[in-house]
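Residue-level structure breakdown
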Amino acid sequence: MKHIVRKEFTDVLRDGRFRWCSVLVGALLLVSLGHGWVQARSAQQEHAAAQATARDHWESQGEKNPHSAAHYGIYAFKPRLALSFVDEGVDPYTGTSVWLEAHRQNDFLLRPAQDATAAQRIGALTAAQVLQHLVPLLIILLTFGALAGERERGTLRQLLATGIGRRELALGKALGIAGALALLLVPAALVGAAALVVGSPGPAASPLARGVVLAGVYLAYFTAFLALSLAVSAWARSARTALVILLGVWVVNGLVAPRVAVDLSKWLHPTPSALEFARNVEREMAAGVEGIPRPDRPALTEQLLAEHGVERVEDLPVNEVGVYLQESEEFGNRIFDRNYGALWDTFERQGVVHEALAVVAPLLAVRTLSMGLAGTDVEQHRHFATAAEAYRRDLMRRMNGDLAENSRTGDTYLAGPELWEETPPLEYAAPTLGWVLGNRILSILVLGTWLVGAVLAAAARVRQAEVG
Amino acid sequence: MNTPESRHPAELGNGRAPLLEARGLSKNYGATRALDSLDLAIAPGEVYCLLGPNGAGKTTTINLFLGFVAPTSGQAFIAGLDVSAHDRETKQRIAYIPEQVMLYRNLSGLENLEYFAALGGKGALTPGRLTDILVEAGLERSAVDQRVSEYSKGMRQKVGIAIAIAKEADALLLDEPTSGLDPQASNEFSELIERLKNRGVAVLMATHDLFRAKETGTRVGIMRYGRLVTELGTEEIGHADLERIYLKHMHD
Ligand SMILES: Nc1ncnc2c1ncn2[C@@H]1O[C@H](COP(=O)(O)OP(=O)(O)O)[C@@H](O)[C@H]1O
Ligand SMILES: [Mg+2]
């Protein structure tokens, strides 16, 4: 069999058309990796600088009423994980920074990832797109003739007459093609690994482990494509038929299914427009909703006076304004939780539709896993947004608490730098690999099924392949 | 002397245990009876020529020996092994030369031989030895390293022979190997077959060419509509007899 492997390998390398296709795909892969890395790194540096500046501004606010400071607010930046240079995921749509201020949870999520199909995003080719679209195309071009072409040329009869088994022949060809592909994929993987080790553009959330799993995901995807191409090549009447069928598969996988997934997921789980969403939050903030009434200031004041047994707000041991501000903050939080929670949940349900549709297009499973491992999927945005919102709430509690505790109603109170400095910066820990994979069980199962199914189909088709 | 019909197939020919044997071998393609109860035995050193018009079932017979199609009934044996049960072992004993030997055009004759020989289990043959085999098969030494895309049909058939020689096969399956060759190339081809025969190779050759069959064959079988209608020893008859018998069967 090693003879078949070697022959197939040299055939691929000698064939000018495939050599140039491979060189092109390999070059695109390296360029997109490099470009992604440089971008991720500069974005990370910008974020770090901006974060430092924001903190600096926060700490040097001077003397100020804590509530003014709360309005002054602070920016929080979603850290870019090490692998985000491979797959930018939903980052371009959601943005990676959020403004934390009094009274409101700001939009972080503008548009979900799945909205963008490959064609729309081709402008800035990412490594993930090369891996998800172009490498499978190359695999198809290298494999469609593997058996159909030999049959058509009449060499298949002579090959099989030598005593070599059909499966051995097919496996040898698959390995030869895989070897040729390895010439472009292995260097890319090494460059990627080096980029992770040498100058990781983001904080470490087990980057190497994520990288290894990511490599495994793409390996499974490519193997499935290779096996599928071989199965079709064994089955098809002619090499031409095999090519047409496989290009059809490629189009459905890469162009049709993602588009259908977007439309179907939106139809099944509609999301409001940004404007509708904002209006709804505004309306609920103004009037409250069933079970979440707006805070009643006179009643709150009455309650405070009764609690402390005094007649006038000036005699309260706390600043009534601070207590009221915190009450309204908490009211707002419940409205936000309601609305944002529902929105995030809807996005996640849309994501499940994409994962399920991977049954017809493995790309959808690979895309979901790739974004997840790169830390750029909707779930990890939610993870960060939740942490940022928790931090905002803590910040507001501190500001309102300081106002309530350290001043009296009617005072002109100014807090000093100690308060700003006492307020800790946001410490965000990105989720673990286990958390990411735990969210993606469905995609893992579907991709695994594709892999096993394609290999079994290839084995069966090859065994039954007609000699011609 | 026994008539051929009364003897068991294995006893036909030169009396040695047959290398190629068919017992009641039949193949239907849908309603077409492509091969009908073929009994045949070819011993070492025998060249059996299957004669018959297009569609008589010659290629089907060879395909059955190659295991490329499954018999509807009956069995094909190579060196005593049932082809359908011993795919690999039986193929290791045989070499096959089709009407058009198909080679990899972007490889040289030598590289093609190297590849097919290696797949046939002769990966240890050196390029020097393989070149000698190509020359033995009748290829010009200067052509050995040329790309096959520049070869004539005759040259490609010679590479086919070289593949068979390199494999040291016990039996040869030839499907109209000389059709389309000029008389000289065709004659050279016959000489090679003769040499292999003398080494004890059993040959089954399908052909249209009565003259070639009489020259090269030790026995001829005439097929029509999937049936072997008669079998003759070439020693017993002249060229004219063969033609007469052939035409008689065609017009029956
Ligand atoms: N793959 C096939 N499918 C259907 N019919 C076939 C096939 N191969 C051969 N036949 C039929 O079987 C008969 C014998 O064909 P073949 O063995 O090729 O004849 P020959 O080689 O003697 O010209 C013909 O009628 C042919 O049409
Ligand atoms: Mg024929």
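My aim in this report is to walk through the structure given alongside it, one point at a time.

So, how was this worked out
- Residues numbered from 1 in each chain as written.
- Chains lettered and ligands numbered in written order.
- Predicted model: local features only at pLDDT ≥ 70, side-chain atom pairs only at ≥ 80, totals over all residues.
- Heavy atoms only, no water.
- Axes fitted to C-alpha atoms, helices over the stretch in contact; angles between N-to-C directions.
- Helix = DSSP H or I, 4+ residues; strand = E, 2+ residues; numbered from the N terminus.
- Parallel < 35°, antiparallel > 145°, perpendicular 65-115°, else oblique.
- Contact = heavy atoms within 4.5 Å.
- Nonpolar A, V, L, I, M, F, W, Y, C, P; charged D, E, K, R; others polar.
- Near = heavy atom within 4 Å.
- Polar contact = N/O pair within 3.5 Å; in protein donor to acceptor, adjacent residues only side chain to side chain.
- Areas by Shrake-Rupley, 256 points an atom, 1.4 Å probe, with all protein chains shown as cover.
- Buried area = accessible area lost by both parts, 1.4 Å probe.
- Salt bridge = Lys/Arg side-chain N within 4 Å of Asp/Glu carboxyl O.
- Pairing = 2+ DSSP bridges.

1. Side note on the packing of helix H10 (residues 207–235) of chain A against helix H15 (residues 362–374) of chain A
All names here are of chain A. At a minimum axis distance of 10 Å, the contact between H10 and H15 shows a crossing angle of 170°. Taken together, H10 and H15 sit at an angle that is classed as roughly antiparallel. Every residue of H15 that contacts H10 at Arg210, Val213, Leu214, Val217, Tyr218 and Tyr221 is listed here: Pro362, Leu363, Val366, Leu369, Ser370, Gly372, Leu373 and Ala374. Residue composition of the contact of H10 with H15, by class: eleven nonpolar, two polar and one charged.

2. Considerations on the site of ligand 1
All names here are of chain B. Around ligand 1, the neighbouring residues are Tyr29, Thr32, Ala34, Pro53, Asn54, Gly55, Ala56, Gly57, Lys58, Thr59 and Thr60. Here an oxygen atom of ligand 1 and a backbone polar atom of Ala56 are 3.2 Å apart. Take Lys58: an N or O atom from its main chain is 2.8 Å from an oxygen atom of ligand 1. Burial of ligand 1 by the protein chains amounts to 60% of its free accessible area of 550 Å². Every element with two or more residues in the shell around ligand 1 is listed here: strand S2 (32–42) and helix H1 (58–65).

3. Thoughts on the interface of chain A and chain B
Taken together, the contacts link 20 residues of chain A with 23 residues of chain B. Summing both sides of the interface, chain A and chain B together bury roughly 2,100 Å²; the carbon and sulfur share of this comes to 56%. Of all residues in chain A, the largest losses of buried area upon contact with chain B belong to Arg157(A), Gln158(A) and Thr162(A), amounting jointly to 29% of the total for that side. In this assembly, chain A and chain B are joined by two salt bridges. The partner of Arg88(B) in a salt bridge is Glu168(A), and the shortest N-O contact between them spans 2.2 Å. Counting the contacts that link chain A with chain B gives seven residue pairs in polar contact (both at pLDDT 80 or more). For the side of chain A that touches chain B, the secondary-structure elements that each account for two or more residues are helix H1 (2–14), helix H7 (148–153) and helix H8 (155–161) of chain A. Among the elements that make up the side of chain A that touches chain B, the one with the highest residue count is H8(A) (six residues). Classifying every residue of the side of chain A that touches chain B by side-chain character gives six nonpolar, seven polar and seven charged.

4. Focus on the sheet that holds strand S10 (residues 227–233) of chain B
Sheet strands line up and pair through hydrogen bonds in the backbone, either parallel or antiparallel. Residues and elements named next belong to chain B. Strands sit in the order S6-S7-S8-S3-S9-S10 across an open sheet of six strands; the sheet is mixed. Each of the sheet's edge strands pairs with one partner strand only, and the pair in question is strand S6 (94–97) and S10. Going across the sheet, the axis of each strand differs from the next one's by a mean of 15°, ignoring polarity. Here strand S7 (residues 171–175) pairs with strand S8 (residues 202–207) via five bridges, running parallel. The partner of Leu172 across the bridge, within S8, is Val203. Across the sheet, helix H6 (residues 183–198) touches strand S3 (47–51), S7 and S8, and the angle it forms with S7 is around 160°.

5. A closer look at the side chain of Arg392(A)
Note on placement: Arg392(A) falls in helix H16 (residues 378–406). Here Arg392(A) is in contact with Leu100(A), Glu101(A), Ala102(A), His103(A), Arg104(A), Gln105(A), Glu329(A), Asn333(A) and Phe336(A), once residues within four sequence places are set aside.

Read these as layout, nothing more, since geometry by itself doesn't imply function.
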